[in-house]
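Residue-level structural notes
Below, each chain spelled out in residue letters.
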Amino acid sequence: MTNKSFFEKRSVVAAFGVLALLGGFYFLNESYLTGKVTGNYVSNGSTPFDLVSVIGLLLVVCSTILIIYAIVRKE
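Note that the structure is a prediction, hence the values are computed from the model and not measured. (Residues numbered from 1 in each chain as written. Predicted model: local features only at pLDDT ≥ 70, side-chain atom pairs only at ≥ 80, totals over all residues. Heavy atoms only, no water.)

Topic: the overall build of the protein
To be explicit about the condition: Here a helix means four or more residues in a row that DSSP labels H or I, a strand means two or more in a row labelled E, and each is numbered from the N terminus. Only protein chains enter the calculation, and the probe is 1.4 Å; a residue is then buried if its accessible area is under 20% of its type maximum, exposed if over 50%, and partly exposed in between. Under the convention used here, a 1.4 Å probe and the Shrake-Rupley method define accessible areas, while residue burial counts only the protein chains that appear.
A tally of helices and strands in the protein yields two helices and zero strands. Within the span of the protein, comprising 75 residues, buried residues form 21% of the whole. By element, 69% of the accessible surface of the protein is carried by carbon and sulfur atoms, the whole surface being about 5,800 Å².

Written as structure tokens, this is what we have:
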């Protein structure tokens, strides 16, 4: 049995993935459902998409990949 660091444990990686997934859904819900913008975001209204929503969607995709990796990875 090898001594792993805290961030190499499968449960820790999965927990960070779940927290990132919840954070990504928070950014998606704030922008799409209520129309409020989160964070310090300045827009003049000329962009065809909401940048905060794109960041939230990217966070959801990356955290999903991280969770799948943590589940499939062998110790």
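Describing helix 2 (residues 51-72)
Our working definition: Residue count minus one, scaled by 1.5 Å, sets the expected span of a helix. An arc is given here, and it is the one of the directions from the helix axis to the C-beta atoms.
Between its first and last C-alpha, helix 2 extends 32 Å over 22 residues, near the 32 Å set by a 1.5 Å rise per residue. Turning to helix 2, its buried residues are Val52, Ser53, Gly56, Val60, Ser63, Ile67 and Ala70. The buried residues of helix 2 occupy an angular sector of 110° when the element is viewed end-on, so they sit on one face. For helix 2, the exposed residues lying more than 90 degrees away from the buried face are Leu58, Ile65 and Val72.

Focus on the side chain of Ser63
Under the convention used in this document: The definition of a polar contact used here is a pair of N or O atoms within 3.5 Å, where within protein one atom must be able to donate a hydrogen and the other to accept one, and adjacent residues in sequence count solely through side-chain atom pairs. Any pair of residues with heavy atoms lying within 4.5 Å of one another is described as a contacting pair.
Relative to the helices and strands, Ser63 resides in helix 2. Within the structure, Ser63 has its side chain in polar contact with the backbone oxygen of Leu59 (distance 2.9 Å). Beyond its immediate stretch of four places on either side in the chain, Ser63 contacts Gly17, Ala20 and Leu21.

With respect to the environment of Leu59
Topologically, Leu59 is positioned in helix 2. Leu59 has contacts with Ala20, Gly23 and Gly24, leaving out every residue within four places of it along the chain.

Things to note about the environment of Val54
For Val54, the position within the fold is in helix 2. Note on Val54: relative accessible area 40%, which makes it partly exposed. For the pair Val54 and Leu28, spaced 26 residues apart in the sequence, the C-alpha separation amounts to 8.1 Å.

This is a description of form; function is not addressed.
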